[in-house]
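Take a look at the letters that make up each chain.
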Amino acid sequence: MKMMTSLLVSGAVLAGTAAGACEITLRSADTHPAGYPTVEAVKWMGEQVKEKSGGRICIEVFPASELGEEKDAIEQTQFGVIDMVRASFGPFNNLVPETQVVSLPYIFRSSEHMHKVMDGPIGEEIAKGFEAHDLVVLGYYDGGARSFYNKEKPITKIEDLAGMKFRVMQSDVFVDMMSALGANATPMPYGEVYSSIETGVIDGAENNPPSYDTSGHFEVAKYYTLDEHLIMPEVLALSKITWDKLSPEDQALLQEVGKASVPVMRELWAAKVKESEAKVEAAGAQIVRDIDKAPFIAAMEPVYAKYVTTPELQDLVARIKATE
Ligand code: GTR
C-alpha cells in the first residue's frame, strides 16, 4: 500500500499546495486486481476528473481488496474512511433493500436488459435507496452473468447440485437461491474462496467468467456451467460524508465523469468476458455451455415469493420485465 504523507481528513486527503499537487484525493476501493475492467474504468475516471478539475481532484484506486474485503469496504465508505467503493449489488442486499429485486436470479433477460433498467427511472429509484445509507451512486457497472463452478463434476442440471456446498456472497437472497436449488450456501468474503475450495470447505462457488479467471478459482474448481443465474448490476458509490464536503461544482463534475465511465467500463467488460473464457479453457477448465435454463428459472419461484412480497415490489418486477 502507498505511503501517505498528506493529512487524512475523513477519507479525502488534503495534500499540500505545491504546483500540480492534488488538492483532493479520493481513495477508491475495489476487490479486483489491476487490469480488471472495474479497476481500469475508475482509473480512467480519475484521469478525466484530474484533467477537468485542472489537476485539483485526483482518484487513487486501491485494487485487490487492499482496503479490505468488499463488505468492510462498503462500511468504511459509509463512514467516510474510504471515499469510493466499486462493488457488486450482492453485499448491499441486506443493507439497501432496494437492491434486492434487481439481484433476484433470472430477473434480467440479458445484460442489455439490465443496462436499460439501471440506466432508467428504476436505477434512479435504487440510487435513492443507496443515499439513505450515506452512499451516492456515481454509476452502475456491469457484472455480466454469474454461473456455478465446482471442483467435483460438470453440472448439467439442477439435480447435479444436490447436497453440494457453494460459496455465495454475503446476502440472504443467495442463501435462499441455493436452498431452492437443493444445494447448501456458505456465505463468505471473496478473498476466502480459493483456499476454501482447495481445502474442501466448499465444493465450489459462482461468479462471472472474468472473476472466475482473475481470482484463480479455475485452478481449483475446473467445472464451470453457464447457467447464468444472476445478471446483476454493480455500483460505483461515493461516501455521502465526502460528497457533503465537496463544492456543488465538484459534485457535478464527479457525477459527470462517473456517468462517462459507465460505457467505458461496459466496453472493457465485453472484451474481458471473451478473453477470460478462452484463458480458463486453455488452462484446462471445462465450460458446460449447453444448459436448459428453464428448470433453473422455474426453481426460483420460492425465492421470488419470499422477496417480492408487496404490491409495490410486484409492480417493480413487472416494470423490469416490461422494460425493452
Ligand atoms: C465479482 C464482483 C465483486 C465481488 C465478487 C464476489 O463478480 O465484481 O464485486 O462481489 O464477485 O463474488 O464477492
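Please read all numbers here as calculations on a predicted model, not as lab measurements. What you see as residue numbers is a count from 1 along each chain, following the sequence as written. Predicted model: local features are reported for residues with pLDDT of at least 70 only, side-chain atom pairs are reported and counted for 80 or more only, and whole-chain, interface and lining totals are derived from all residues. As a rule here, side-chain values come from all non-hydrogen atoms in the structure, and water together with hydrogens is ignored.

Caption draft 1: Structural view of the overall build of the protein chain. Helix and strand counts for the protein chain come out as 13 helices and eleven strands. Atoms considered for the radius of gyration are the C-alpha atoms alone. The globule rule reads 2.2 Å times the number of residues to the power 0.38. Relative to the 2.2 N^0.38 estimate, which gives 20 Å for 324 residues, the radius of gyration of the protein chain is 20 Å and therefore close to what a compact globule would have. Each principal axis of the C-alpha distribution contributes one length, and for the protein chain these read about 65 × 45 × 30 Å. Counting across all 324 residues of the protein chain, residues that qualify as buried make up 56%. Carbon and sulfur atoms make up 54% of the accessible area of the protein chain, which totals about 13,500 Å². Only four residue types enter the charge count, namely Lys and Arg as positive and Asp and Glu as negative; His and the chain termini do not. For charged residues, the charge sits on one atom: NZ in Lys, CZ in Arg, CG in Asp, CD in Glu. Across the protein chain, 30 positive and 48 negative side-chain charges occur, with their mean positions spaced 2 Å apart. The helix and strand labels rest on DSSP assignments: H or I over at least four residues marks a helix, E over at least two residues marks a strand, and numbering proceeds from the N terminus. Under the scheme applied here, a residue whose accessible area is under 20% of the maximum for its type counts as buried, over 50% as exposed, and between as partly exposed, the area being computed with a 1.4 Å probe on protein chains only. We get accessible surface area from the Shrake-Rupley algorithm with a probe of 1.4 Å; when it comes to residues, only the shown protein chains can shield them.

Caption draft 2: Looking closely at the site of the ligand. Distances are taken per atom, and a residue is near a molecule or strand as soon as one of its heavy atoms is within 4 Å of it. Taken together, 13 residues sit near the ligand, with H32, E70, R167, N207 and E234 positioned nearest. Pairing of N or O atoms within 3.5 Å defines a polar contact, subject to two protein rules: one partner must be a possible hydrogen donor and the other a possible acceptor, and residues neighboring in sequence count only if both atoms are side-chain atoms. At 2.5 Å from an oxygen atom of the ligand is found a side-chain nitrogen or oxygen belonging to E70. At a separation of 2.7 Å, an oxygen atom of the ligand approaches a polar side-chain atom of R167. In isolation the ligand has 320 Å² of accessible area, and contact with the protein removes 98% of it. Just so you know the grouping, Ala, Val, Leu, Ile, Met, Phe, Trp, Tyr, Cys and Pro go in nonpolar, Asp, Glu, Lys and Arg go in charged, and all remaining residues, Gly too, go in polar. Per-class residue counts for the shell around the ligand are two nonpolar, six polar and five charged. Residue contributions to the shell around the ligand reach at least three from each of two domains, namely domain 1 (2-142 + 233-277) and domain 2 (147-230 + 283-307). Where each domain begins and ends follows an automated or database-derived domain assignment.

Caption draft 3: View of the state of the cysteines. Our working definition of a disulfide is a cysteine sulfur pair at a distance within 2.5 Å. Counted by the stated rule, this structure contains one disulfide. Residue C22 pairs covalently with C58 via a disulfide, S to S 1.9 Å. Measuring handedness by torsion sign, the sulfur bridge of C22 and C58 sits at about -80° and is left-handed. You can see C22 sitting in the loop between β2 (12-14) and β3 (24-30) and its partner C58 sitting in strand β4 (residues 57-62), a full 36 residues away along the chain. The residues C22 and C58 share a single accessibility class, namely buried.

Caption draft 4: Geometry of the environment of T38. Looking at the element boundaries, T38 is found in helix α1 (residues 37-52). Along the primary structure T38 and W269 are separated by 231 residues, whereas in three dimensions their C-alpha atoms are 8.1 Å apart. Any two residues whose heavy atoms approach within 4.5 Å at even a single point are treated as in contact. Among all residues touching T38, those that are not within four sequence positions of it are D30, H32, R86, Y141, E234 and M265.

Caption draft 5: The pattern of salt bridges, seen in detail. What counts as a salt bridge is simple: a side-chain nitrogen of Lys or Arg found within 4 Å of a carboxyl oxygen of Asp or Glu. Tallying each qualifying case throughout the model produces 17 salt bridges. Put simply, R319 and E125 hold a salt bridge, and the shortest N to O gap is 2.7 Å. One end of the pair, R319, is in helix α13 (residues 311-322); the other, E125, is in helix α4 (residues 121-131), and 194 residues separate them in sequence. Assessed through its relative accessible area of 30%, R319 is described here as partly exposed. One salt bridge connects D244 with K240, and the closest N-O pair in it is separated by 3.1 Å. Linking D244 with K240, this pair stays in helix α9 (residues 240-245), spanning four residues, or about one helical turn. What emerges from the salt-bridge pattern is a single network uniting D30, E70, R86 and E234.

Caption draft 6: Structural context of the environment of V235. Within the fold, V235 resides in strand β10 (residues 223-239). Here the alpha-carbon distance between V235 and Y140, two residues 95 residues apart in the chain, equals 4.6 Å. Setting aside its immediate chain neighbours within four residues, V235 contacts V85, R86, A87, F89, F92, F130, V137, G139, Y140 and Y141.

Caption draft 7: Local environment of the domain arrangement of the protein chain. Partitioning the protein chain into structural domains gives domain 1 (2-142 + 233-277) and domain 2 (147-230 + 283-307). Averaged C-alpha coordinates put domain 1 and domain 2 at centres separated by 27 Å. Of the residues lining the interface, 22 residues belong to domain 1; the matching set on domain 2 comes to 31 residues. Both faces combined, the contact of domain 1 with domain 2 buries some 2,300 Å², and carbon together with sulfur accounts for 64% of it. By definition, the buried area sums, over both parts, the 1.4 Å-probe accessible area that each loses when the two are put together. The largest contributions to the domain 1 side of the interface with domain 2 come from P105, Y106 and E277, which together make up 33% of the buried area. Inspection of the region where domain 1 meets domain 2 yields one salt bridge. For E277, the salt bridge goes to R289, with nearest N and O atoms at 3.0 Å. Scanning the region where domain 1 abuts domain 2 turns up eleven residue pairs in polar contact (both at pLDDT 80 or more).

Caption draft 8: Representation of unusual backbone geometry. A positive phi angle, near 50°, is found at A64, a position not held by glycine. Among the structural elements, A64 can be located in the loop between β4 and α2 (70-78). Overall, A64 belongs to the partly exposed group, its relative accessible area being 45%. Even without being a glycine, Y106 presents a positive backbone phi close to 60°.

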